[in-house]
Amino acid sequence: DTSIITPQKKIYNKNLEETQNFATLTLRDYGFSPYRNTSKNDVEIFFKFCKLLKVEPVIVPDDLSKIESYDFKKEFIINKKARQSIYARIELYNKSIVNVFSPSGPGQLSLFIKDSKTIFFNYGIGGLDGDVDYYKKEGLLKYQQPFLALGGHIIWNDCQRSYDENDLKNSFEFLLKY
């Protein structure tokens, strides 16, 4: 079930097959490790990124009841089916030109889909299982790129500056060359 949500909060059905070029953002908005949750700012950056690439933004919700809390300012496609079915999610991630995630489990799925491009933002942002020290204990040092062979790129959290749509674009362009 794919729909378009406009800034006026009206929901329209749309067949995703009509959309050839799109990128996905999978929202994360639950209680465990809230540092890793997707913010309204993250969504706006994603929309700007999609505009730079001239692709349609597709949102995969985490919790459907929280979708209104993002107060979207732009029109986008929401793919509820990918939230409810792992097979639909795999198909969506496979057809997307790039899949964007905060550090979360669904991003790992995208890494294992053949020819999928995956970008993680705010890696190492904090929390019990998401700060730089946590990753260091696991053998991963800040700025390393362990997912390149799987089509994945990390935008590490930087306390000095926030990432932006150009960082996403640079990550995507890097993945296209790799």
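Data block above holds the structure.
Below, the structure is looked at part by part. Each chain has its residues counted from 1, following the order in which its sequence is written. It should be noted that, the model being predicted, local features are given only for residues of pLDDT at least 70 and side-chain atom pairs only at 80 or more, the latter also being counted only at that level, while totals for whole chains, interfaces and linings use all residues. The basis for the side-chain values is all heavy atoms of the structure; hydrogens and waters are excluded.

**Some thoughts on the nonpolar core**
Item 1. Residues belong to a common nonpolar core when they are buried Ala, Val, Leu, Ile, Met, Phe, Trp, Tyr or Cys residues joined through side-chain atoms within 4.5 Å. Remark: exposure states derive from per-residue accessible area (1.4 Å probe, protein chains only) relative to the maximum for the residue type, with buried under 20%, exposed over 50%, and partly exposed in between. Counting residues in each nonpolar core, the largest one holds 26 residues, and the members touching the most others are Leu-25, Phe-46, Ile-59 and Leu-168.
Item 2. Put simply, DSSP marks the helices as runs of H or I at least four residues long and the strands as runs of E at least two long, and each gets a number from the N terminus on. Listing elements by their share of this core, those giving two or more residues are strand S3 (22-26), helix H1 (40-53), strand S5 (76-79), strand S6 (98-101), strand S7 (118-123) and helix H6 (165-177).
Item 3. Residue contributions to this core peak at six residues, all from H1.

**Notes on the pattern of salt bridges**
Item 1. One side-chain nitrogen of Lys or Arg within 4 Å of one carboxyl oxygen of Asp or Glu is enough to make a salt bridge. Inspection of every chain in the model, using the stated rule, returns three salt bridges.
Item 2. Of the charged contacts, one joins Glu-91 and Lys-95 as a salt bridge, the two residues approaching to 2.9 Å between their closest N and O atoms. Pair noted here: Glu-91 and Lys-95 are both in helix H3 (residues 86-95), with a separation of four residues, about one helical turn.
Item 3. A salt bridge links Asp-167 to Arg-161, with the nearest nitrogen and oxygen atoms 2.9 Å apart.
Item 4. Residue Asp-167 is classed as buried on the basis of its relative accessible area of 17%.
Item 5. Given a relative accessible area of 43%, Arg-161 falls into the partly exposed group.

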